[in-house]
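Read off the chains here:
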Amino acid sequence: MIKRLWQLGAAQRWKMGVQLLGQWLSRLLVVTLVWAGAQWALRGTVNVGLLSLIGIQLVVTVLYLLASGWLSRNGWAAAASQDLQEQFLNATFRPTQTTTDVMQGLQQDLSTLRAVTIFFDTIIPTILQLILTGVVLIGVVLSVHARTVAIPVGGILLLGMGMGLLQGLGNRQNLAYIQSFNQMGQRFLDDFLGMSTLIMYQRQHRYARDFAADSEDYRQKTMGVLRYQLQSLTIMDFCLYGAIGYFLLAQVNAVKAHTLALSTALGIGTLTAVWLIDFRQFGYFMHVFMSTLPKLRHLFAVIDAAAAPQKTAAAVTLDAPVTRLQLTGTVGHTDQPLLTTDLTLTAGQLVGLTGPSGSGKSTLAQTLMQRQPLLAGKVLVNGTTDLATVAPTDWLTHLVYLGPTAKLFAGSIQDNLLLGNRTADWQQRLHDLGLCRFVADLPAGYATPVGENGAQLSPGQRQQVAVARAVLANKDGYVFDEVTSNIDPDNANQILAVIQQLAQTKLVLLITHRLDDLQRLDHLAFLTDQRLVQGTFTSLQAQVPAFAQLVQAQQRLLKEVATV
Ligand SMILES: Nc1ncnc2c1ncn2[C@@H]1O[C@H](COP(=O)(O)OP(=O)(O)OP(=O)(O)O)[C@@H](O)[C@H]1O
């Protein structure tokens, strides 16, 4: 993972090197100044080498201060995080991802994308700075008081081992913390949306109790992470300060024994202090970075999953319009075959599909939309191309699916209608079809905002806009799944009339259980006993008892509704 992070934004990495060198030399200026000051105070002279070093450091510090703003704005961190963001967003927004996948990705991973910059602008520069200062420290100690060099080296090794041990524990704590956070968030998102339903069934107190339990669990996991961080800081401080204290004591003894000059000891002491300050900073930022590691792993897993080769080479793009679809095989979900059939849809013939609830109508629609693979068999497009080989994005340019709930986007009615259409005569087209007549009664007409999820329109109006949008998009084929079910009869009949007109030239499948629809369609496919029986309304009623029962049940229901 560290290697992958290192490779991000590689073209801009040199800027980090420049920044590091400037920052490091300016930091060491304090050491040389203290060292030179001590020499001057104690001996009345200053070493020439030390004076030249101060000159170089001063020049570098001024240059660094002048360039640091530009370097940090356009540096490695910005390029690397943009690189990672692009990879992640490309992996997240794919046609095969579900809405839940995308939402979870956005909630959990966007904050990680922001937090990960710490690796590029803090962790790596601090580590490199630590190494550079450490090498100088050891070099200086070796040349002036070699016997004590083992103490800071031993301290660093001890610290490294301690951090390695703590990391395993930290990962577990962080994972538990994230799981608890997700559980709490999931309950909030799921149940809060349905709060009025919960209140209707007097279950809000139960929800409150469950949510409180989740919150308490989350609090405890958060405390666990904080406790771990404090404890590990204490252990690290013990190793570090213990070794440094012992080291400085050895320097004081050497000064007392006249084997080390006081000014040199002060210089080494300041160098040690600078290294120590960097180390404390590193420790703090490392904690923050470690807490993002599990999320970072997930982020890379999302990117890798998207980059993994797909099982089927679905790369064919269709040049000709789709005029014929032949489904031969078994439709269903893994371990749950729903129907085995031979169904042909052709442009110019409207097929109505009906059947008992749960028999597999929507699954069949999803199969035609390439969202559900066939358990056996295949779907042939235009008699030659296997649907499984067609690129999903290409297929969506040929076929439209419309479900029982219309999805409208924020904006005006016109914005929604013209999502897939840019022709000038669209209003005339809608007028000819008799669609969206309600717009004439609205003061702002087509410019009327639809509101969040189309809330400013009635369900029937929403569905009309959705159907009109699909018709205006002028696709080759249409799969309408219960589009007339949840709306008033006037709207439903108007939509059915449009669908019938559309089917004169296009390939159309209409899934419906509405008696009005079934009676008006010339060609019906009835799903029963895991197979499709096809015919007209009258022939099916005469020959298929299950269909006749379905019709009777519908008629009874309509009578009951009429007498209420
Ligand atoms: N994603 C899924 N994974 C597994 N099984 C599913 C999935 N979606 C639906 N099913 C199951 O497949 C069966 C058929 O569901 P489907 O939605 O296709 O029925 P339907 O005929 O459209 O029903 P309705 O008329 O009530 O909409 C059901 O038993 C359902 O539980």
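These figures come from a predicted structure and were not determined experimentally.

### What to know about the overall build of the chain
Secondary structure assignment for the chain yields 19 helices and 10 strands. The C-alpha radius of gyration of the chain comes to 36 Å, more than 25% above the 24 Å expected for a compact globule of 564 residues. Each principal axis of the C-alpha atoms in the chain carries an extent, and together these give about 115 × 50 × 50 Å. Residues counted as buried form 43% of the 564 residues belonging to the chain. Across the chain, contacts joining residues at least 24 apart in sequence account for 75% of those joining residues at least 6 apart.

### Observations concerning helix α11 (residues 361–368)
Within α11, 7 of the 8 residues are buried, which leaves the element mostly enclosed by the surrounding structure. Every buried residue of α11 is listed here: K361, T363, L364, A365, Q366, T367 and L368.

### What about the nonpolar core?
The biggest cluster of nonpolar side chains holds 50 residues, and the ones touching the most others in it are I413, L417 and F480. At 7 residues, helix α15 (residues 459–472) tops the list of elements feeding residues into this core. Excluding anything up to four places from it in sequence, F480 contacts L402, I499, L502, V508, L509, L510 and I511.

### Side note on the UniProt feature "transmembrane region" (unreviewed entry) in the chain
Those residues carrying the UniProt feature "transmembrane region" (unreviewed entry) are residues 21–42, 48–67, 118–143, 149–169, 228–249 and 255–277 in this numbering. Secondary structure content for residues 48–67 is 100% helix and 0% strand, and the end C-alpha separation is 29 Å.

### Topic: the site of the ligand
Close to the ligand lie H333, Q336, L338, P356, S357, G358, S359, G360, K361, S362 and T363. Between the ligand and the protein, one listed contact pairs an oxygen atom with a side-chain N or O atom of Q336 at 3.3 Å. Contributing elements (two or more residues each) for the shell around the ligand: β2 (336–346) and α11. Looking at the shell around the ligand, the element that brings in the most residues is α11, giving 3 residues. For the shell around the ligand, the class distribution of residues is 2 nonpolar, 8 polar and 1 charged.

### Some details on helix α3 (residues 48–73)
Look at α3: 38 Å from first C-alpha to last across 26 residues, which is about the 38 Å you get at 1.5 Å a residue. Helix geometry: α3 is bent most strongly at A67, by close to 50°. Of the surrounding elements, those touching the buried residues of α3 are α2 (13–43). The N-cap residue of α3 is N47: its side-chain oxygen and the backbone nitrogen of G49 are 2.8 Å apart.

### Some details on the pairing of strand β8 (residues 507–511)
Burial analysis of β8 places 5 of its 5 residues in the buried class, the great majority of the element. The two faces of β8 match: L507, L509 and I511 on one face and V508 and L510 on the other face are all buried. One ladder, built from 4 bridges, connects strand β3 (residues 350–354) with β8; its direction is parallel. Opposite G352, over in β8, you have L510 as the bridge partner. Sheet analysis places strand β7 (residues 477–481) next to β8, joined by 5 bridges and oriented parallel. The residue of β8 that forms the bridge with Y478 is V508. Handedness of the β7-helix α16 (residues 489–502)-β8 crossover: right-handed.

### Regarding the side chain of T512
On the secondary structure map, T512 appears in the loop between β8 and α17 (515–520). Residue classification places T512 among the buried residues on the basis of a relative accessible area of 0%. Here R514 takes part through its backbone nitrogen, which lies 3.1 Å from a polar atom of the side chain of T512. In terms of polar contacts, T512 uses its side chain to reach the side chain of D517, at 2.8 Å. Setting aside residues up to four positions removed in sequence, T512 forms contacts with L353, T354, E482, T484, D517, L518 and L521.

### Description of the pattern of salt bridges
The tally for this structure, following the rule as stated, stands at 9 salt bridges. Where D210 meets R187, a salt bridge forms, and the shortest distance between an N and an O atom there is 3.6 Å. One end of the pair, D210, is in helix α9 (residues 204–256); the other, R187, is in helix α7 (residues 150–193), with 23 residues separating them in the sequence. Of the residues examined, D210 reaches a relative accessible area of 22% and is grouped as partly exposed. Taking the relative accessible area as the measure of exposure, R187 reaches 24% and is therefore partly exposed. For E216, the salt bridge identified is with R219, shortest N-O distance 3.0 Å.

### Regarding the domain arrangement of the chain
Segmentation of the chain into domains returns domain 1 (2–307) and domain 2 (328–409 + 475–563). Summarising the inter-unit geometry, the C-alpha centres of domain 1 and domain 2 are found 58 Å apart.

Calculation notes
- Residues numbered from 1 in each chain as written.
- Predicted model: local features only at pLDDT ≥ 70, side-chain atom pairs only at ≥ 80, totals over all residues.
- Heavy atoms only, no water.
- Helix = DSSP H or I, 4+ residues; strand = E, 2+ residues; numbered from the N terminus.
- Rg over C-alpha atoms; globule rule 2.2 N^0.38 Å.
- Buried < 20%, exposed > 50% of the residue type's maximum accessible area, 1.4 Å probe, protein only.
- Contact = heavy atoms within 4.5 Å.
- Core = buried A, V, L, I, M, F, W, Y, C linked by side-chain atoms within 4.5 Å.
- UniProt positions renumbered as here; feature names shortened; annotations may be inferred.
- Near = heavy atom within 4 Å.
- Polar contact = N/O pair within 3.5 Å; in protein donor to acceptor, adjacent residues only side chain to side chain.
- Nonpolar A, V, L, I, M, F, W, Y, C, P; charged D, E, K, R; others polar.
- Expected span 1.5 Å × (residues − 1).
- Bend = angle between axes of the 7 residues up to and from the residue.
- Pairing = 2+ DSSP bridges.
- Right-handed = clockwise from strand over helix to strand, strands pointing away.
- Salt bridge = Lys/Arg side-chain N within 4 Å of Asp/Glu carboxyl O.
- Domains from an automatic or database assignment.

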